[in-house]
Amino acid sequence: VQRAQTDDLYGAAVDPLTGELAEVNVQGEVQQQLDVLCNTLMLRAFCGSGGVCAVASEEEPIPRSCGDVMGYENENVISD
């Protein structure tokens, strides 16, 4: 997994398309392609750990369930 992440990051760093995207993050900053790639890798790493049920970052407009990040259905429970 680490090698694949390193290869993805290296490829993004030397890709001539690397740079700004048309999207703006929750802090009002123009998103960078490398930021979005790193965000995707981090969310997958956290959710793949088995100890996390939801994630949030400045690159995401709202918190996301790990089921959404990893592509499987799950149920979220909130109790009072």
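Thoughts on the overall build of the chain
Summing up its helical and strand segments, the chain has three helices and four strands in all. In the chain, the order of α-helices and β-strands from amino to carboxyl end is α-β-β-α-β-β-α. Going through the 80 residues of the chain one by one, you find that 19% of them count as buried. The long-range fraction of contacts in the chain, counting pairs at least 24 apart against all pairs at least 6 apart in sequence, stands at 28%. Summed over all atoms, the accessible surface of the chain reaches about 6,000 Å², with 55% contributed by carbon and sulfur.

A short note on the state of the cysteines
By the definition in use, this model includes one disulfide. For Cys47, the disulfide goes to Cys66, at an S-S distance of 2.2 Å. Negative torsions about the S-S bond denote left-handed disulfides, and the value of about -75° found for Cys47 with Cys66 makes this one left-handed. Here the residue Cys47 occupies a position in helix α2 (residues 33-48), and Cys66 occupies one in helix α3 (residues 66-70), the gap between them amounting to 19 residues. Judged by its relative accessible area of 6%, Cys47 falls in the buried class. Cys53 forms no disulfide, and the closest cysteine sulfur to it belongs to Cys66, at a distance of 6.6 Å.

Focus on the confidence of the model for the chain
The predicted structure's coordinates, where accompanied by low pLDDT, should not be read in detail. Looking at the chain as a whole, its pLDDT mean stands at 77, while 66% of the residues score no less than 70. When the elements of the chain are averaged for pLDDT, helix α1 (residues 2-14) gives the smallest value, 57, and strand β4 (residues 64-65) the largest, 90.

Section: α2
With 16 residues, α2 extends 22 Å between its outermost C-alpha atoms, agreeing within 8% with the 22 Å of an ideal straight helix rising 1.5 Å per residue. Those residues of α2 that fall on the buried side of the exposure criterion are Asn39, Leu41, Leu43 and Cys47. One or two steps after α2, the chain reaches Gly50, where phi turns positive at roughly 85°.

The rules we used
- Residues numbered from 1 in each chain as written.
- Predicted model: local features only at pLDDT ≥ 70, side-chain atom pairs only at ≥ 80, totals over all residues.
- Heavy atoms only, no water.
- Helix = DSSP H or I, 4+ residues; strand = E, 2+ residues; numbered from the N terminus.
- Buried < 20%, exposed > 50% of the residue type's maximum accessible area, 1.4 Å probe, protein only.
- Contact = heavy atoms within 4.5 Å.
- Areas by Shrake-Rupley, 256 points an atom, 1.4 Å probe, with all protein chains shown as cover.
- Disulfide = S-S within 2.5 Å.
- pLDDT = per-residue confidence, 0-100.
- Expected span 1.5 Å × (residues − 1).

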